[in-house]
There are 4 protein chains.
Amino acid sequence: MSIAAENSTHSQDDVVPANHGYTPEKEAYLRRLKRVEGQVRGIARMVEEDKYCIDILTQVSAVNKALHAVSIGLLDDHIAHCVVDAAQESKTTGDPAVVREKVREASDAISRLLR
Amino acid sequence: MSIAAENSTHSQDDVVPANHGYTPEKEAYLRRLKRVEGQVRGIARMVEEDKYCIDILTQVSAVNKALHAVSIGLLDDHIAHCVVDAAQESKTTGDPAVVREKVREASDAISRLLR
Amino acid sequence: MSIAAENSTHSQDDVVPANHGYTPEKEAYLRRLKRVEGQVRGIARMVEEDKYCIDILTQVSAVNKALHAVSIGLLDDHIAHCVVDAAQESKTTGDPAVVREKVREASDAISRLLR
Amino acid sequence: MSIAAENSTHSQDDVVPANHGYTPEKEAYLRRLKRVEGQVRGIARMVEEDKYCIDILTQVSAVNKALHAVSIGLLDDHIAHCVVDAAQESKTTGDPAVVREKVREASDAISRLLR
């Protein structure tokens, strides 16, 4: 298969498909999530080995914290890219519907994280 | 004093002073905060009257929830106005610094709420 | 009515009625809640004076934090007194129902706080 | 080594060592953590495949919620077993130090979860 064909889904002219703001830091996110996955597996091992419940809870808190950092990063990316792009686009089109939708998505996501 | 003079701080041509997005819903925010203040006073009264600790905790959770709603409202307003305005302004000026700053403020506020 | 009769519910020898664990620190709780009430009133004033939304959010986070401290204090008191007393009582009576109920109340309260 | 010797730490009559309250539900905890691990892996896959940031955030919230359920379960077990056992033991020994320590551990764990 040619390189062009291989990359076809990501190489269409002036379209940047599936670029959601976090794309430039994709590797960093994947590393962080890999670490979280390892932490969760570590917690399961602690349960398996009958470790002290309080020590397990400390590890659960560490995973919560790591996931919060991921969430804040993704929200920052959403606002800095999706919202900002929609705001600038709406300035051109004069239609505020898209930007309103992106803001609402951000608020709903924040609301879900606070619960 | 003429009505024009009375309203002078809010009627300068294309300037909307101290309008931070939440201004149109100011009365609603004030009502909500008045209610939260009353809830906190109610909790103090419960402590004063030696009410059962679990019942007091239930009321504290209700205040947390009410404050979350206020927070999400303010964040939504910040993103929908401060961030969006800065994004559109930056499109004109070509300078992304202001929008970057507004997004960072939103992320920092979200981060503080999640902690 | 004599003073003795008036105080009767609070003066029976080795019984301390309406003592829910937090009673010895009642004054400290009332001071903290008075401060939280003042903070909420301060937030309303900021809204009234059209202060910057992010600065208001910072104050809301401070109130959340103060309420968390109150919650943790009350939970600690509940566990240290209600749960522990019930556990010791159940050792005498041989009936685990009361202690089970107190633990469940604690877990439900924690669950509400985490939401 | 005989099987009896091999299992000796786990087979003394009325002693159940390394029983931290959650032991009877160990399998349920392991299943739940296995599911959380799968969810985290799913989130990484979404990042890998450039899925929409808001959809990723929804999954992160689901993991938070699942971990909260695990935390509350472990706390309930800690209070129902470690705290209650210490309370009953302290009634016999007359020494409140152990129970005080178990309560403090619970409060510290709750405090870490609320942050």
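Residues numbered from 1 in each chain as written. Chains lettered and ligands numbered in written order. Predicted model: local features only at pLDDT ≥ 70, side-chain atom pairs only at ≥ 80, totals over all residues. Heavy atoms only, no water.

Enquirer: Sorry if this is basic, but what is going on with the overall build of chain A here?
Expert: Looking only at helices and strands, chain A features 4 helices and 0 strands. Each helix (α) and strand (β) of chain A, taken in turn from the N terminus, gives the series α-α-α-α. Taking all 115 residues of chain A together, 49% fall into the buried category. Considering only contacts within chain A whose residues lie at least 6 apart along the sequence, 51% involve residues at least 24 apart. Accessible area for chain A stands at about 5800 Å²; split by element, carbon and sulfur atoms hold 52% of it. (Helix = DSSP H or I, 4+ residues; strand = E, 2+ residues; numbered from the N terminus. Buried < 20%, exposed > 50% of the residue type's maximum accessible area, 1.4 Å probe, protein only. Contact = heavy atoms within 4.5 Å. Areas by Shrake-Rupley, 256 points an atom, 1.4 Å probe, with all protein chains shown as cover.)

Enquirer: I keep staring at the relation of the copies chain D and chain A and nothing clicks. Help me out?
Expert: Two chain copies, one operation linking them: a rotation about an axis together with a shift along it. Superposing chain D onto chain A takes a rotation of 180 degrees combined with a translation of 0.0 Å along the rotation axis, leaving an RMSD of 0.0 Å. Given the turn and translation reported, the copies of this chain are related as if by a two-fold rotation axis. Using C-alpha coordinates, one finds that chain D approaches the rotation axis most closely at Glu37(D), a distance of 2.8 Å. A high fraction, 100%, of the interface residues of chain D reappear at the interface in chain A, so the copies pair face to face through one surface. (Least-squares fit on C-alpha atoms with pLDDT ≥ 70 in both.)

Enquirer: How should the interface of chain D and chain A be read in this particular structure?
Expert: The accessible area lost on association of the parts is a frequent measure of interface size. Tallying the contact residues gives 43 residues for chain D and 43 residues for chain A. Between chain D and chain A, roughly 4000 Å² of surface is buried when both sides are summed, and carbon and sulfur atoms account for 67% of that area. Of all residues in chain D, the largest losses of buried area upon contact with chain A belong to Asp50(D), Tyr52(D) and Leu57(D), amounting jointly to 16% of the total for that side. Seen at the junction of chain D and chain A, the total is 4 salt bridges. A salt bridge links Lys26(A) to Asp50(D), with the shortest nitrogen-to-oxygen separation between them at 3.1 Å. Taken together, chain D and chain A are joined by 12 residue pairs in polar contact (both at pLDDT 80 or more). Looking at the side of chain D that touches chain A, the element that brings in the most residues is helix H3 (residues 53–93) of chain D, giving 16 residues. (Buried area = accessible area lost by both parts, 1.4 Å probe. Salt bridge = Lys/Arg side-chain N within 4 Å of Asp/Glu carboxyl O. Polar contact = N/O pair within 3.5 Å; in protein donor to acceptor, adjacent residues only side chain to side chain.)

Enquirer: Would you explain helix H2 (residues 26–48) of chain D in this entry?
Expert: For an α-helix, 3.6 residues make a turn, and residues three or four places apart therefore share a direction. All names here are of chain D. With 23 residues, H2 extends 33 Å from end C-alpha to end C-alpha; this agrees with the ideal 33 Å at 1.5 Å per step. Within H2, the full set of buried residues consists of Lys26, Tyr29, Leu30, Leu33, Val36, Glu37, Val40, Gly42, Ile43, Ala44, Met46 and Val47. Just downstream of H2, Asp50 is the residue with a positive phi angle, here 55 degrees. (Expected span 1.5 Å × (residues − 1).)

Enquirer: Sorry if this is basic, but what is going on with the state of the cysteines here?
Expert: A covalent bond between the sulfur atoms of two cysteines is referred to as a disulfide. In total, this model carries 0 disulfides over all chains according to the counting rule given. With no disulfide of its own, Cys53(A) has Cys82(D) as its nearest cysteine by sulfur position, at a separation of 3.8 Å. (Disulfide = S-S within 2.5 Å.)

Enquirer: How do you make sense of unusual backbone geometry when you look at a structure like this?
Expert: With the exception of glycine, the majority of residues adopt a negative phi angle, and the majority of peptide bonds are in the trans configuration. Even without being a glycine, Asp50(B) presents a positive backbone phi close to 55 degrees. Here Asp50(B) shows up in the loop between helix H2 (26–48) and helix H3 (53–93).

Enquirer: How do you make sense of a positive patch on the surface when you look at a structure like this?
Expert: Among the surface-exposed residues, Lys65(A), Arg115(B), Lys65(C) and Arg115(D) lie close enough to one another that they form a single positively charged patch. Checked against the element boundaries, Arg115(D) lands in the segment after helix H4 (97–114). With relative accessibility at 53%, the residue Arg115(D) sits in the exposed group. (Patch = residues over 30% accessible without salt bridge, like charges linked within 9 Å, V, L, I, M, F, W, Y side chains within 5 Å. Lys, Arg positive; Asp, Glu negative; His and termini not counted. Charge placed at Lys NZ, Arg CZ, Asp CG, Glu CD.)

Enquirer: Explanation requested: the pattern of salt bridges in the structure shown.
Expert: Scanning all chains against the criterion turns up 36 salt bridges over all chains. The salt bridge involving Arg104(B) is made with Glu101(B); its shortest N-O contact spans 3.2 Å. Here Arg104(B) and its partner Glu101(B) are both found in helix H4 (residues 97–114), 3 residues apart, which amounts to about one turn of the helix. A relative accessible area of 37% places Arg104(B) in the partly exposed class. A salt bridge links Lys102(B) to Glu105(B); its shortest N-O distance comes to 4.0 Å. Note that Lys102(B) and Glu105(B) are positioned in helix H4 at a spacing of 3 residues, about one turn of the helix. Using a relative accessible area of 14% as the deciding quantity, one classes Glu105(B) as buried. A single network of salt bridges, built from pairs that share partners, joins Lys34(A), Glu37(A), Arg41(A), Lys34(D), Glu37(D) and Arg41(D).

Enquirer: How should I be thinking about the side chain of Asp77(A) in this particular structure?
Expert: Mapped onto the elements of the fold, Asp77(A) is located in helix H3 (residues 53–93). Within the buried set, Asp77(A) has no salt-bridge partner at all; the shortest N-O distance to an opposite charge, 6.3 Å, is to Arg100(B).

Enquirer: Please explain helix H4 (residues 97–114) of chain C as it appears in this structure.
Expert: Here H4(C) spans 26 Å end to end across 18 residues, near enough to the 26 Å set by a 1.5 Å rise per residue. Along H4(C), the positions that sit buried rather than exposed are Val99(C), Lys102(C), Val103(C), Glu105(C), Ala106(C), Ser107(C), Ala109(C), Ile110(C), Ser111(C), Leu113(C) and Leu114(C). Contacts from the buried residues of H4(C) go to H3 of chain B, helix H3 (53–93) of chain C together with H3 and H4 of chain D.

Enquirer: What am I meant to see in the environment of Tyr29(D) here?
Expert: Looking at the element boundaries, Tyr29(D) is found in helix H2. We classify Tyr29(D) as buried; its relative accessible area is 3%. Along the chain, Tyr29(D) and Ser61(D) lie 32 residues apart, while their C-alpha atoms are 19 Å from each other. Excluding anything up to four places from it in sequence, Tyr29(D) contacts Val47(A), Tyr22(D), Val70(D), Gly73(D), Leu74(D) and Asp77(D).

Enquirer: Is there a simple way to explain the environment of Arg112(C) in this structure?
Expert: With respect to the element layout, Arg112(C) can be found in helix H4. A C-alpha to C-alpha distance of 17 Å links Arg112(C) and Ala66(C), two positions 46 residues apart in sequence. Among residues more than four places away in sequence, those in contact with Arg112(C) are Ile54(B), Thr58(B) and Ser61(B).

Enquirer: Just to check I follow, could you spell out the confidence of the model for chain A for this structure?
Expert: Low-pLDDT stretches of the model should not have their predicted coordinates read in fine detail. Residues and elements named next belong to chain A. Summary statistics for chain A give a mean pLDDT of 85 and a share of 83% for residues scoring 70 or more. Across chain A, the element-wise mean pLDDT spans from 38 in helix H1 (residues 3–6) up to 97 in helix H2 (residues 26–48). Note that residues 1–17 has pLDDT below 50 and, in this model, 5 contacts with residues that lie over four places away or in other chains. (pLDDT = per-residue confidence, 0-100.)

Enquirer: In this structure, what is going on with the packing of H3(A) against H3(D)? I would like to understand it.
Expert: A pair of packed helices is characterised by two quantities: the angle between their axes and the separation of those axes. Axis separation between H3(A) and H3(D) bottoms out at 10 Å; the angle between their running directions is 160 degrees. As far as their axial angle goes, H3(D) and H3(A) are roughly antiparallel. Relative to H3(D), the crossing made by H3(A) is left-handed. Of the residues that constitute the contact of H3(A) with H3(D), the class distribution is 20 nonpolar, 8 polar and no charged. (Axes fitted to C-alpha atoms, helices over the stretch in contact; angles between N-to-C directions. Parallel < 35°, antiparallel > 145°, perpendicular 65-115°, else oblique. Left-handed = near helix turned anticlockwise from the far one by under 90°. Nonpolar A, V, L, I, M, F, W, Y, C, P; charged D, E, K, R; others polar.)

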